[in-house]
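Fold and contact review
In case you want the letters, here they are:
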Amino acid sequence: MRRLLFFLLLLVPLPSLALSTDAQEFIRISKELEPVQCEKRRLRRAIALAEAERRDTDVRAARDRFAKLDKDPKTARLEKRLAELEPRLKHSSDPEDLPTISLQQREAFYRCD
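Residues numbered from 1 in each chain as written. Predicted model: local features only at pLDDT ≥ 70, side-chain atom pairs only at ≥ 80, totals over all residues. Heavy atoms only, no water.

Glancing now at the layout of surface pockets. Of the voids in this model, the largest pocket is the one considered here, and its volume is about 240 Å³. What lines the largest pocket is a set of 13 residues, among which S30, Q37, R41, Q105 and A108 lie closest to the centre. Elements represented by at least two residues in the lining of the largest pocket include exactly α3 (21-52) and α6 (97-112). When residues of the lining of the largest pocket are assigned to their parent elements, the largest contribution, 7 residues, is made by α3. Of the residues that constitute the lining of the largest pocket, the class distribution is 7 nonpolar, 4 polar and 2 charged. (1 Å grid on protein atoms, 1.4 Å probe; cavity = no way out; pocket = protein on both sides within 12 Å on 5 of 7 lines; lining within 4 Å. Points joined across faces, edges and corners; volume = space filled by probe spheres on them. Helix = DSSP H or I, 4+ residues; strand = E, 2+ residues; numbered from the N terminus. Nonpolar A, V, L, I, M, F, W, Y, C, P; charged D, E, K, R; others polar.)

This next bit is on the environment of P35. With respect to the secondary-structure elements, P35 resides in helix α3. P35 gets classed as exposed once you look at its relative accessible area, which sits at 55%. For the pair P35 and A108, spaced 73 residues apart in the sequence, the C-alpha separation amounts to 9.3 Å. (Buried < 20%, exposed > 50% of the residue type's maximum accessible area, 1.4 Å probe, protein only.)

Another point: the packing of α3 against helix α5 (residues 73-90). Direction vectors running N to C along α3 and α5 enclose 135 degrees, while the axes themselves pass 10 Å from each other. Considering the angle they form, α3 stands oblique to α5. Note that α3 runs across α5; the crossing there is left-handed. Each of D22, A23, E25, F26, I29, S30, E32, L33, V36, Q37 and K40 in α3 lies in contact with α5, whose residues at this interface are K74, T75, L78, E79, R81, L82, L85, R88 and L89. Here the contact of α3 with α5 is built from residues that sort into 9 nonpolar, 3 polar and 8 charged. (Axes fitted to C-alpha atoms, helices over the stretch in contact; angles between N-to-C directions. Parallel < 35°, antiparallel > 145°, perpendicular 65-115°, else oblique. Left-handed = near helix turned anticlockwise from the far one by under 90°. Contact = heavy atoms within 4.5 Å.)

To describe a pair of aromatic rings, you give the distance between the ring centres and the angle between the ring planes. Evaluation of the coordinates by the stated rule reveals 1 aromatic pair. For the pair F109 and Y110, a centre-to-centre distance of 5.1 Å together with 85 degrees between the ring planes defines the contact as edge-to-face. In this arrangement the basic side chain of K40 is found over the ring face of F66, its NZ or CZ atom lying 5.6 Å from the centre. (Phe/Tyr/Trp six-rings, centres within 6.5 Å; stacked < 30°, edge-to-face > 60°. Lys NZ or Arg CZ within 6 Å of the ring centre and 35° of its normal.)

With that settled, the discussion passes to the state of the cysteines. Note on terminology: disulfide describes a covalent bond linking the sulfur atoms of two cysteines. Per the counting criterion, the structure on display carries 1 disulfide. Here C38 is linked by a disulfide to C112, with a sulfur-sulfur distance of 1.7 Å. The sign of the S-S torsion, about -70 degrees, decides the handedness of the disulfide formed by C38 and C112: left-handed. Of this pair, C38 sits in helix α3 while C112 sits in helix α6, and the two are 74 residues apart along the sequence. Classification of C38 as buried rests on a relative accessible area of 17%. (Disulfide = S-S within 2.5 Å.)

Worth remembering: the numbers are spatial, not functional.
Here it is, written out as structure tokens:
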């Protein structure tokens, strides 16, 4: 009975296994970069608000923090890899890749706030 149950479980498709290796890598890197992306989104909002209120020192400080995030070698390397994967995923033959990545990115966006 246990063996039958085990084999039935093997037949159930797992969403992560249905994705291409490029999509799996894209999602893994995106999750790793999520805190940085949230901070960048927060800084963009702060810059826009400070510019609208003409608070030049706050604008400069936020831009400096943003630049510091961009200069981090690990972040830059991971973002470069995402940029390399993106065109390949747009032309992926796996129909589950783009919807799954889109869902992951929407969920990450709402976790930031």
